[in-house]
Structures are given as C-alpha cells and as structure tokens.
Amino acid sequence: MAYFNLKQIQELEHLYKINLINSCSGFKSANLIGTKSTKGQENVAVFSSVTHIGSNPPLLGFFCRPTTVTRHTYDNIKNTGVYTINHINLDNFEDAHHTSAKYDQSISEFDMTGLESEYKDNCKAPFVKGAPIQLEMKFVEEYLIKANNTILVIGEIQGLHINGDLLQDDGFINLSKANIAAINGLDGYTIPRLEKRLEYQRPRK
Ligand SMILES: Cc1cc2nc3c(=O)[nH]c(=O)nc-3n(C[C@H](O)[C@H](O)[C@H](O)COP(=O)(O)O)c2cc1C
C-alpha cells in the first residue's frame, strides 16, 4: 500500500497533492449550481461538495473556496438569496466540467456550453434544463471554516423536481436510473450503479 504521513503530504508537488487529497474522501456528489446576479446575469458552475445537512428542515450545504478571488456563485447567492442545484449526469458531464473555467462575470457559462437554462415556479435562479433532479434553494446561513477560509453555505430546499420514474413509493430516489454522476478527485466522473438497498438495522441479540 502507498503511504503518506502529514509531513510528506505537505511537501508534495501542488497538483499531485490536490489530486491526492481531493480523491481520498471517496466519491463526491456532482452538481451544477445555477444563480443570477442582481443585474440579471445568469451563472452556472460545477460543485462537488454539495451534501446533506438535515431533513427537517430540509437543508443542504456546499463548500465555497476562499473568496480571495471573485466567486460569482457565492456573490449571487448572498445578493439574491436563491440558487438552484442540478444533478450532473452521463448526458452533460463534459459541459458541466467546463463551467469550472474562470469566465468573467459578464459571460454566462450557459452561453459557452451546451447547457441550457430554464425557469419554473417563480424561482429567480436558473435551473439546468434536462437535469434529472433540480432543486430550488433558499440561502439560510454560512460558516467560515477558519482552518482554510472556505465557507460552508447552507440552504433550505424550497422545491424539488424529480424526473420520470426515479422516485420510488417510499421516497427513495433511484439516482442510477438517470445515470447521475459522481466525482472522483477533481476531474474524474463516474456513473454509479445501485447495487442493493438494505433494511433498517437493529442491534443483533
Ligand atoms: C469537479 C469540480 C468540482 C468543484 N467543486 C467545487 C466546490 O465544491 N466548491 C467550490 O468553491 N468550487 C468548486 N469547483 C470550482 C468551481 O467550479 C470554479 O471555481 C468555478 O469557476 C466557480 O464559478 P463561479 O465563480 O461562477 O462561482 C469545482 C471544480 C470542479 C472542476
């Protein structure tokens, strides 16, 4: 087995280190966050840190990199209070990945990729058309992570759109059925297959 202690990790070449550390937490969710500026400029960007915070109230969080450079997604969320989360799948992961390019705020990633925006339910932020799962989010609160100046952005689900037959009778969403992607590291995309659902576990006697 390969082994790295903290000192060795700290001394690794930059790209090697970010590939290594971005891979070692396991597969990550693959989402596009859609926002709009107060001036009406659309923005969409890929995020691999969207995660479940709690079900009641229904909260999701994501981590925003340090705001030492302008972060359009973060600025738009703070200025408007709304955003969308759209699952990436087999059909759009290459376009989705390109949204990580550092475009000027005046340029919409929707214009530079095959991704299309769509609007529904009076939500001011754009959804990604065709995304199998689309969530309308309202900004709730944020936490500065002092250790590295990233920001945990927490939002409440205001609306949840689920395509076709993904939704099962008990509320489980079968992500595999829509070929929804997961991210390995910083640039690896995979399409996970559901193996099996297991029963609620109780202590063995
Ligand atoms: C696979 C992948 C995952 C990413 N995940 C995040 C993330 O979780 N948080 C973040 O701040 N940036 C993340 N990024 C970087 C943003 O996509 C990138 O900074 C983008 O330009 C942000 O756009 P914005 O300035 O329009 O918000 C990720 C990039 C890639 C390629």
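Remember, predicted model here, so these are calculated numbers, not experimental data. Residue positions within a chain follow its written sequence, with the count starting from 1. This being a predicted model, a pLDDT of at least 70 is required before a residue's local features are given, and a value of 80 or more before pairs of side-chain atoms are given or counted; all residues contribute to the totals for chains, interfaces and linings. Calculation of side-chain values draws on the structure's entire complement of heavy atoms; hydrogens and water are dropped beforehand.

Draft legend 1. Up close: unusual backbone geometry. Along the chain, N56 connects to P57 via a cis peptide bond; the corresponding omega equals 5 degrees. The helix count covers DSSP runs of H or I at least four residues long, the strand count covers runs of E at least two residues long, and both are numbered beginning at the N terminus. Mapping P57 onto the fold places it in the loop between β4 (51-54) and β5 (59-64). Backbone geometry places N122, a non-glycine residue, at a positive phi of 60 degrees. Relative to the elements of secondary structure, N122 occurs in the loop between β7 (117-118) and β8 (127-128). Positive phi values are uncommon outside glycine, yet N149 reaches one of about 65 degrees. Its location among the elements puts N149 in the loop between β9 (133-145) and β10 (150-162). With relative accessibility at 43%, the residue N149 sits in the partly exposed group. Each residue is assigned to one of three classes by its accessible area relative to the maximum for its type, calculated with a 1.4 Å probe on protein chains only: buried under 20%, partly exposed between the two thresholds, exposed over 50%.

Draft legend 2. Just the sheet that holds strand β11 (residues 182-184), in detail. Any two strands are treated as partners once DSSP identifies two or more bridges connecting them. On the basis of which strands lie adjacent, the open sheet formed by three strands has the order β1-β11-β12 and antiparallel pairing. In this open sheet, the two edge strands, each paired with only one partner strand, are β1 (28-29) and β12 (188-190). Sheet analysis places β11 next to β12, joined by three bridges and oriented antiparallel. Considered in β12, the bridge of I183 is made with Y189.

Draft legend 3. Focus on the state of the cysteines. Counting rule for disulfides: a pair of cysteine sulfur atoms within 2.5 Å. This model, assessed by the stated rule, comprises zero disulfides. C123 provides the cysteine sulfur closest to C64, a residue in no disulfide bond, and the two sulfurs are 19 Å apart. The class for C64 is buried, based on a relative accessible area of 3%.

Draft legend 4. Inspection of the side chain of S37 at higher detail. Mapping S37 onto the fold places it in the loop between β2 (31-36) and β3 (42-47). In this structure S37 comes out as buried when scored by relative accessible area, which is 11%. Here, residues are in contact when the closest pair of their heavy atoms is within 4.5 Å. Filtering out sequence-adjacent residues up to four positions away, S37 remains in contact with N76, T80 and Q105.

Draft legend 5. The arrangement of the UniProt feature "domain: Flavin reductase like" (unreviewed entry) in the chain in detail. Under the local residue numbering, the UniProt record ascribes the feature "domain: Flavin reductase like" (unreviewed entry) to residues 32-166. Each end of residues 32-166 is marked by a C-alpha atom, and these two atoms are 19 Å apart; helix forms 14% of the span and strand 42%. UniProt positions are given in the numbering used here, feature names are shortened, and annotations may be inferred rather than shown by experiment.

Draft legend 6. Structural context of the packing of aromatic side chains. Two rings belonging to Phe, Tyr or Trp (six-membered ring only in the last case) form a pair when the distance between their centres is within 6.5 Å. Interplanar angles under 30 degrees mark stacking, angles over 60 mark edge-to-face geometry, and anything in between is tilted. The final tally for this structure, using the stated rule, is four aromatic pairs. When the ring of F47 is compared with that of F62, the centres are 5.1 Å apart and the planes differ by 70 degrees; the resulting orientation is edge-to-face. In this pair, F47 sits in strand β3 while F62 sits in strand β5, placing the two residues 15 residues apart along the sequence. Grouping residues by exposure puts F47 and F62 together as buried. Chaining the aromatic ring pairs together yields one cluster made of F47, F62 and Y83. A ring has a charge above it when a Lys NZ or an Arg CZ is no more than 6 Å from the ring centre and no more than 35 degrees off the ring normal. A cation over a ring is seen here: K120 above F127, with NZ or CZ 5.8 Å from the ring centre. Above the ring of F172, the side-chain terminus of R197 is found at 3.8 Å from the ring centroid.

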